[in-house]
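# Overview (structure and organization)
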Amino acid sequence: MPPDAFDVTDKVVFITGAGRGIGKGIAQVLAEAGADVAVNALTPRHVESVAAETAGASGRRVVPVIADVTKNDGVEQAVGAVMDAFGRIDVLINNLGDAIRKPLVALPGKETSALTDEELDLVMDVNLTEAILCTRAVGPHMLARRSGKVINISSWTARQGGGDMVVYSIAKTGLAGFTRAQALEWAPYGVHVNSIAPGIFPDPVTVGDDGVQQARDMAARSVPLARPGELREVGYLALYLASAASNYMTGQTIFLDGGMSL
């Protein structure tokens, strides 16, 4: 039986980008721990099945929310839907993120093209702008209650950077800075803001079995613990940050990467 401090029974959690990958793993763990969960995605393709499967396995309410949370209108739509369904948001998890592996400018002797303006905007929007917009939208509800948890999903590249991932690294580094600054602003009101920075966490739905094996091979060479992470392992850390067990922690970015960032 876990300590009471880790109890999230009846908490309402809103997770962006939760149709697959890390967001899906977080949703599964928190629902199984007793939370009611709203899972967001841009399209219903994966998120509706994630919601149904997670609800069936946990016995909790898990509601899909279809919206583009990189835009103000979509954020208002999504937050409104969660408030209509549950009446409050106790925990916001800004999980949406993606990378486009291209150099900032074309490199001599390399065939890869440079990042386009549209791709640059997309990478910044899904990895940083989304977190700012969703936090801004949920903030008044948490501040009025003087209670709440915001968890941003960053990346190990926030510490080390990465070739052909310059803008992604910029966005994730910015997310760590946003976490620190917002934590200071909201600390007097009892609202905590922290980040998780995952390393290699492949999802068979996204990359297929071959992609998972490639991730394992790469992790065996480059990760001190010699393996990729399991999606639910991010969920376990998110459970800590969503619960009262983390009430003396704010503004931190925790690297969950098997030692990659050391």
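Described below are features of the structure shown in this document. (Residues numbered from 1 in each chain as written. Predicted model: local features only at pLDDT ≥ 70, side-chain atom pairs only at ≥ 80, totals over all residues. Heavy atoms only, no water.)

It is worth spelling out the sheet that holds strand β4 (residues 91–94) at this point. Spatially, the 7 strands line up as an open sheet ordered β3-β2-β1-β4-β5-β6-β7, and their pairing is parallel. Strands at the two margins of the open sheet, each flanked by one partner only, are β3 (62–66) and β7 (253–256). Strand after strand, the sheet turns through a mean of 20° between neighbouring axes, direction not considered. Note: strand β1 (residues 12–15) against β4, 3 bridges, orientation parallel. Bridging from a neighbouring strand, Ile-15 pairs with Ile-93 of β4. Lying on the sheet, helix α2 (residues 44–58) is in contact with β2 (36–41) and β3; it crosses β3 at an angle near 170°. Here helix α4 (residues 117–145) sits on the sheet in contact with β4, β5 (148–153) and β6 (191–198), set at roughly 175° to β4. (Pairing = 2+ DSSP bridges. Helix = DSSP H or I, 4+ residues; strand = E, 2+ residues; numbered from the N terminus. Axes fitted to C-alpha atoms, helices over the stretch in contact; angles between N-to-C directions. Contact = heavy atoms within 4.5 Å.)

Right, let's get into α4. For an α-helix the count is 3.6 residues per turn, leaving residues at separations of three or four pointing the same way. Here α4 is 29 residues long and its end C-alpha atoms lie 41 Å apart, about the 42 Å a rise of 1.5 Å per residue gives. Within α4, the axis deviates most sharply at Asp-125, by approximately 50°. Two residues or fewer after α4 comes Arg-146, characterised by a positive phi angle close to 55°. (Expected span 1.5 Å × (residues − 1). Bend = angle between axes of the 7 residues up to and from the residue.)

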